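Inside the fold
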Amino acid sequence: MASSLTKASVTPGTPGSEKTFFGHPRGLATLFMTEMWERFSYYGMRALLPLYLVAPSGLHMNAGTASAIYAVYLSLVYLLALPGGWVADRFLGPRKTVAAAGVIIMLGHLCLALPAAASFFVGLGLVAIGSGLLKANISTMVGHLYNGPEDPRRDGGFTIFYIGINLGAFVAPLAIGTVGEKVDWHLGFALAALGMALGLAQFLLGSRHLSEKSSLVPTPLSASEKAASLRKGAFWLAVAAVFYGVVGFTGHFTLNWALIPLTLVGLIVPILVIARMLRDKDLDTTEKSKVRAYIWFFVAAAVFWMIYDQGGSTLSLFADSSAENSVLGWEFPVSWYQSVNPVMIMALAPVFAWLWLWLNRRGKEPSTIVKFASGLVLVGASFFLFLAPLSIAEGGHKAAAMWLVGIYFVQTVGELTLSPVGLSVTTKMAPKKYASQMMGVWFLAVTAGDSVTALLSNPAVGGVNLDRMGFVALEAVLAVVAGAAVWMYRRKVNSLMGNVR
């Protein structure tokens, strides 16, 4: 997107007060481009990942193992957002953390570009770590550009920022996917590394336009706390190194020695985090009541993301093997399906924003609970729709591409009904003590949902074929029943929410 830098009159001392980016602080352009290129690299690699894992010219795995790896990877990205925020709050500050994240992500993509299985999994780990560090902090820096929550430009700034996210996500599969599928897998991953390098370069060059707050460490560790943290980290790292060293040298190591523990962590950590809040004696009765109400939203979101995130694995692998990936006789790479969601988000998000305002003026806007229930029903409906192309494929025919586009469309409408509302209700229901950490708890719902998918699809655990009609129908029913349960118990949840609506 071309930057529109014009002279403007803004509050003195505001970052970028000499020029603006569409009427916003100039630092927004820096963060917009950083996030756009980071999302370009991330979504491009993600579009290739399951296809590379099953391809004979790739790692040639079975679909179950590939789906498990994909789900564990996604769960780690969102799980690591919690420690990513902690690193910025206690060690480095947001600006240095994001710069370090960019370097780690770029190195991760370069490892993926090497034609070796060992370096590939190292690369996945590095990209997950870097994404967690960046995801937790770049949005915080957008907020730093404005004069507090009351700044009238703030909401518009975040809207522009999210356009950058979806712009990068839309272009990535078209560019990286095409190169990876049609030319060379590893060249596609290298292109993702180039995208992150461009994002990192412009972040470093444009960081002078960011707020000074972004360089501060909000609650720095004391020298003793820092030493204790480093000792604990070194201890657990040594334990893991010794354990996996013994497993490896005795010839017992398989991929599941890594996948299953990571999957269990993705399920256990969300439970521990919420349980800690409920046990915290510093929280009053009202705050604990809101946390109990939030559990309903958390579980509902986990069910939603469990199904939704299969758009990049189950649906993509089905398209690769059983769909007619062409329009009017013109064939396109399977990875291009991953561009459907971001382009629909960009088209439909303004429509939904207008719709909620229009209904609100007439006193008819659905409550948060009704929106959540609708999102669950819609994602369930998308998998009921998935039964049609599955039936066609079982009959020995190729399913038309528009079936898959239709599934992604229904899921996108469900996402717009649930995801923005979830972000909003998370901030509203957060106890004061956990105001910053609560957004990390919302991301843990994605971790929990993807971890369930990983357990089910892993041949060593669940061994479920996620693209079989019976299981797809079961997931669809689960989502619809969960949506109905949230709606049926809306009065109970409302009472727990107190004054939040």
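An account of the accompanying structure is given in this report. The structure presented is a predicted model; accordingly, all values stated were derived computationally and were not measured.

Some details on the overall build of the chain
When you go through the chain residue by residue, the secondary structure sums to 18 helices and 7 strands. Taking 23 Å as the expected radius of gyration for a compact globule of 501 residues, we find that the chain reaches 23 Å, a close match to that expectation. Judged by the C-alpha coordinates and their principal axes, the chain covers about 65 × 55 × 50 Å. Counting across all 501 residues of the chain, residues that qualify as buried make up 50%. Summed over all atoms, the accessible surface of the chain reaches about 22000 Å², with 67% contributed by carbon and sulfur. Taking the average location of the 36 positive side-chain charges in the chain and that of its 25 negative ones, the two points are 9 Å from each other.

Structural notes on the packing of helix H4 (residues 94–113) against helix H5 (residues 117–135)
Contact geometry of H4 with H5 gives a least axis separation of 7 Å together with a crossing angle of 160°. By the angle between their directions, the pair H4 and H5 is classed as roughly antiparallel. The element H4 and its partner H5 pack so that their crossing is left-handed. Note on element contacts: H5 touches H4 through Ser119, Phe120, Val122, Gly123, Leu124, Leu126, Val127, Ile129, Gly130, Ser131, Leu133 and Leu134, opposite Thr97, Val98, Ala101, Ile104, Ile105, Leu107, Gly108, His109, Cys111 and Leu112. The residue inventory of the contact of H4 with H5, partitioned by class, reads 15 nonpolar, 7 polar and no charged.

What about the packing of aromatic side chains?
Overall, the coordinates contain 31 aromatic pairs when judged by the stated rule. Look at Tyr52 and Trp185: their rings are 5.8 Å apart centre to centre, the planes differ by 65°, and that puts the pair in the edge-to-face class. Taken together, the residues Tyr52 in helix H1 (residues 27–54) and Trp185 in helix H8 (residues 185–206) connect sequence positions 133 residues apart. For the pair formed by Tyr52 and Trp185, the shared burial category is buried. Residues Phe304 and Trp305 carry aromatic rings whose centres are separated by 5.0 Å and whose planes lie at 90° to one another, so their mutual orientation is edge-to-face. Both residues of the pair, Phe304 and Trp305, count as buried. A network of ring pairs unites the aromatic residues Tyr52, Phe120, Phe121, Trp185 and Phe189 as a single cluster. Between the NZ or CZ atom of Lys371 and the centre of the ring of Trp356, over which it lies, the distance is 4.2 Å. In this arrangement the basic side chain of Arg490 is found over the ring face of Trp487, its NZ or CZ atom lying 3.9 Å from the centre.

With respect to the nonpolar core
Grouped together as the largest cluster of nonpolar side chains are 99 residues, with contacts concentrated most on Tyr73, Tyr337 and Leu404. Here this core gets 14 residues from one element, more than from any other, and that element is helix H11 (residues 285–308). In contact with Tyr337, other than residues within four places in its own chain, are Ala319, Ala323, Glu324, Asn325, Phe332, Ala401, Leu404 and Tyr408. Within the second largest apolar cluster, 22 residues are counted, among which are Leu31, Phe32, Leu145 and Phe158.

A short note on the side chain of Ser316
Position of Ser316 among the secondary structure elements: in helix H12 (residues 314–322). Not counting the four nearest positions on each side in its chain, Ser316 is found in contact with Pro50, Leu51, Gly311, Val334, Gln338 and Tyr408.

Description of helix H10 (residues 256–279)
For H10, built from 24 residues, the straight-helix expectation of 34 Å at 1.5 Å per residue is met to within 8% by its first-to-last C-alpha distance of 34 Å. The complete set of buried residues in H10 reads Leu259, Thr263, Gly266, Pro270, Val273, Ile274 and Met277. Check the buried side of H10 and you find it contacts helix H2 (63–79), helix H3 (81–92), H11 and helix H16 (438–457).

Describing the packing of H2 against H5
H5 packs onto H2 with a crossing angle of 30° between their chain directions and a minimal axis gap of 7 Å. With respect to H5, the element H2 is oriented roughly parallel. At the point where H2 passes H5, the crossing takes the right-handed sense. Of the residues in H5, those touching H2 at Ile69, Tyr73, Leu76, Val77 and Tyr78 are Phe121, Leu124, Val127, Ala128, Ser131, Gly132 and Lys135. Grouping the amino acids of the contact of H2 with H5 by side-chain chemistry returns 9 nonpolar, 2 polar and 1 charged.

A word on unusual backbone geometry
Positive phi outside glycine occurs at His60, with the angle close to 55°. Positionally, His60 belongs in the loop between H1 and H2. Look at His60 and you get exposed, because its relative accessible area is 53%.

Considering empty space enclosed by the protein
This model, assessed by the stated rule, comprises 1 cavity of 30 Å³ or more. If you trace the largest cavity, you find it lined by Ser67, Tyr70, Ala71, Asp309, Gln310, Ser313, Asp450 and Thr453. Broken down by secondary-structure element, the contributors of at least two residues to the lining of the largest cavity are H2 and H16. It is H2 that provides the largest number of residues to the lining of the largest cavity, a total of 3 residues. Considering only residue class, the lining of the largest cavity consists of 2 nonpolar, 4 polar and 2 charged.

What to know about the environment of Ser41
Inspection of the secondary structure assignment puts Ser41 in helix H1. Look at Ser41 and you get buried, because its relative accessible area is 0%. Each C-alpha atom of the pair Ser41 and Ala193 lies 6.5 Å from the other, and the pair is 152 residues apart in sequence. Residues in contact with Ser41, not counting those within four places in the same chain, are Ile105, His109, Ile176, Ala192 and Met196.

Looking at the pattern of salt bridges
It is possible for side chains bearing opposite charge to pair when their charged atoms get close. Following the criterion strictly, the structure yields 6 salt bridges and no others. Glu365 is paired through a salt bridge with Lys371; the nearest N and O atoms lie 2.7 Å apart. A residue is classified by how much of its surface remains accessible, and Glu365, at 29% relative accessible area, is partly exposed. You can call Lys371 buried: its relative accessible area is 8%. Counted as one network, the salt bridges with shared partners bring together Asp280, Asp282 and Lys433.

So, how was this worked out
- Residues numbered from 1 in each chain as written.
- Predicted model: local features only at pLDDT ≥ 70, side-chain atom pairs only at ≥ 80, totals over all residues.
- Heavy atoms only, no water.
- Helix = DSSP H or I, 4+ residues; strand = E, 2+ residues; numbered from the N terminus.
- Rg over C-alpha atoms; globule rule 2.2 N^0.38 Å.
- Buried < 20%, exposed > 50% of the residue type's maximum accessible area, 1.4 Å probe, protein only.
- Areas by Shrake-Rupley, 256 points an atom, 1.4 Å probe, with all protein chains shown as cover.
- Lys, Arg positive; Asp, Glu negative; His and termini not counted.
- Charge placed at Lys NZ, Arg CZ, Asp CG, Glu CD.
- Axes fitted to C-alpha atoms, helices over the stretch in contact; angles between N-to-C directions.
- Parallel < 35°, antiparallel > 145°, perpendicular 65-115°, else oblique.
- Left-handed = near helix turned anticlockwise from the far one by under 90°.
- Contact = heavy atoms within 4.5 Å.
- Nonpolar A, V, L, I, M, F, W, Y, C, P; charged D, E, K, R; others polar.
- Phe/Tyr/Trp six-rings, centres within 6.5 Å; stacked < 30°, edge-to-face > 60°.
- Lys NZ or Arg CZ within 6 Å of the ring centre and 35° of its normal.
- Core = buried A, V, L, I, M, F, W, Y, C linked by side-chain atoms within 4.5 Å.
- Expected span 1.5 Å × (residues − 1).
- 1 Å grid on protein atoms, 1.4 Å probe; cavity = no way out; pocket = protein on both sides within 12 Å on 5 of 7 lines; lining within 4 Å.
- Points joined across faces, edges and corners; volume = space filled by probe spheres on them.
- Salt bridge = Lys/Arg side-chain N within 4 Å of Asp/Glu carboxyl O.

Purely geometric stuff here, so don't read any function into it on its own.
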